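# Observations on the three-dimensional arrangement
As a plain string of letters, each chain reads:
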Amino acid sequence: MIRVRSSVVALATLFALGTGTTPLCAQTPPVAGTQPVRPPTPKGPTPAAPIAPATTKPGTPPAAPTSDRAVLQAAIDKLGKLDYQTRAEASATLRRAPAAAVVPMLVEAARRHADGYVRFRALVLLSGFNDPKTRPVFLDALADENDRLREVAYAYVEDHPDPALAPKLLQALDREQAEFVRPSLIHAIAAHGADPKVQAVLRREVMRGVDFFRSAVIEALGAHKAAYALDDLAKIAQLEGPLQDDAVRAIGLIGDKRGLPTLVAVQRAGSRELQPTVAAAICGLGSNCDGHARFVKESLEFAANNLGYQELARSSATALADLSAIGRAEALPALFALGMPANDPVRAPIALATGRAVMRNPGQLLAIVPDLPRQGATLLLRDAFDMLEEDYAEERFFATVRRQYWEASPEAPVRAAAQVLITALEF
């Protein structure tokens, strides 16, 4: 479950309160339906030059790859420093080290380092090496007293499901109450959805408890295409409230056409701000996808160019990220095109949606990087990664980009694109 840094949430909330809901212009947003209406939209700025391979790196360049044990140990110890740049440079040094040298040291640090935050960061960095010998470290961390380590361990299990772990995960659900750990546990459980006991527990959990935890269950059901929970999600989707858009999104991500009548009913009765979410979900079910995808993009264009539509901007940007997740190739370029020139308060939700989209599918980002303006694209990505508080997902993103860099031939466009991302995000 992707989380947002609390300081950014507070700032975004202040922006939203400052703009209110009263439109500051005479234009009206697009209307949802089978034939979306194109709103009059002010022209944006002239596109900048296409992105090119990086030649220099801002800040202090990371050290060259090293196997020196003293250097690597010093870098591990710096993972817990308060200064962000120091931590970032230490992480870069460890990522670039030969696996044979650094993995055993990270394993030791994750298990026994005196600094609990260093243990957490060491475990996160281990996830980027894809070394099967590290699996026991993650499994042991499932029962660790350190909340951060458990969160990473649950995320690892979600990515590497094992039916034999399902009973242990279900038992943990009865005692795991940490606010930002329980959602990761729920996602790990949902990854084992073939188990009838898992299905029964998640159907129970989605209908009870506080909304924050129910929202995590709904998100997990959508992410893991839990068609077994479709009837429960349909009930939630038809009730106005904070969980309605979560349930609509989950139905769209599951992709089961049995959910279409529910979505059509919600589309007819739903609020203006809910319409992009519904449109993306209907597209996920394969119904009039071109028209609904166009409507979502035009909704975000309208909100980005007209003050007073902050909630519409949020829902439209999230809907575009969902369209990217189901393979709509136009969705991610649209997020960049609208997010790069945007200012707050609409820039924040677009950046968040862009970050979510690229973490889900780094390959889509690498494909479009050569056609993006370098400065605008990298600044938007930096904003996204600064706001998102999802260390494990970020590390997996970094690992995927590095792997594609090394697998590509030196002259391949994907290699140049990967180098740009490595440079821009300093990993």
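Okay, so let's go over this structure. (Residues numbered from 1 in each chain as written. Predicted model: local features only at pLDDT ≥ 70, side-chain atom pairs only at ≥ 80, totals over all residues. Heavy atoms only, no water.)

Moving on, we get to the overall build of the chain. Helix and strand counts for the chain come out as 23 helices and 0 strands. Excluding contacts between residues fewer than 6 apart, the proportion of contacts in the chain whose partners are at least 24 apart in sequence is 69%. Here the chain has roughly 19,000 Å² of accessible surface; of this, 56% comes from carbon and sulfur atoms. (Helix = DSSP H or I, 4+ residues; strand = E, 2+ residues; numbered from the N terminus. Contact = heavy atoms within 4.5 Å. Areas by Shrake-Rupley, 256 points an atom, 1.4 Å probe, with all protein chains shown as cover.)

With that out of the way, let us pick up helix H10 (residues 196-205). Of all the positions in H10, only Val-198, Val-201, Leu-202 and Glu-205 are classed as buried. Down the axis of H10, the buried set is contained in an arc of 95°. They therefore lie on one face. The N-terminus of H10 is capped by Asp-195, whose side-chain oxygen sits 2.8 Å from the backbone nitrogen of Lys-197. (Buried < 20%, exposed > 50% of the residue type's maximum accessible area, 1.4 Å probe, protein only. Arc of directions from axis to C-beta. Polar contact = N/O pair within 3.5 Å; in protein donor to acceptor, adjacent residues only side chain to side chain.)

Along the chain, the position of Thr-423 falls in helix H23 (residues 413-425). Taking relative accessible area as the criterion, Thr-423 reaches 9% and is therefore assigned buried. A distance of 2.9 Å separates the side chain of Thr-423 from the side chain of Gln-419, its partner in a polar contact.

Taken as a whole, this structure holds 1 disulfide when the rule is applied. Disulfide partner of Cys-283: Cys-289, at an S-S distance of 1.7 Å. Just as Cys-283 is buried, Cys-289 falls in that class too. (Disulfide = S-S within 2.5 Å.)

Attention shifts here to helix H7 (residues 147-159). Taking 1.5 Å of rise per residue, the 13 residues of H7 would be expected to cover 18 Å, and the 19 Å separating its terminal C-alpha atoms lies within 8% of that figure. For H7, the buried fraction is high: 10 of the 13 residues fall into the buried class. Leu-149, Arg-150, Glu-151, Val-152, Ala-153, Tyr-154, Ala-155, Tyr-156, Val-157 and Glu-158 are the residues of H7 that are buried. For H7, the secondary structure elements touched by its buried residues are helix H4 (99-112), helix H5 (116-127), helix H6 (135-141), helix H8 (166-173), helix H9 (182-190) and helix H22 (391-407). Taking the backbone nitrogen of Arg-148 as reference, a side-chain oxygen 2.9 Å away marks Asn-146 as the first, capping residue of H7. (Expected span 1.5 Å × (residues − 1).)

We now examine the pattern of salt bridges. Evaluated as defined, the whole model comprises 25 salt bridges. Salt-bridge contacts for Asp-245 lead to Arg-314; the nearest nitrogen and oxygen are separated by 3.4 Å. Of this pair, Asp-245 sits in helix H13 (residues 244-254) while Arg-314 is found in helix H17 (residues 310-325), placing the two residues 69 residues apart along the sequence. Residue Asp-245 is classed as buried on the basis of its relative accessible area of 17%. Residue Arg-328 is joined to Glu-330 by a salt bridge in which the shortest nitrogen-to-oxygen separation is 2.8 Å. On the basis of relative accessible area, Glu-330 is assigned to the partly exposed category, the value being 35%. (Salt bridge = Lys/Arg side-chain N within 4 Å of Asp/Glu carboxyl O.)

The next point concerns unusual backbone geometry. The omega torsion of the bond from Asp-344 to Pro-345 falls at 20°, within 30 degrees of zero and hence cis. Residues other than glycine seldom take positive phi values, yet Asn-130 does so here, at roughly 50°. Following the sequence through the fold, Asn-130 ends up in the loop between H5 and H6. Residue Asn-130 is classed as partly exposed on the basis of its relative accessible area of 41%. One non-glycine residue with positive phi stands out, namely Lys-225, at about 50°. By relative accessible area, which is 52% here, Lys-225 ends up exposed.

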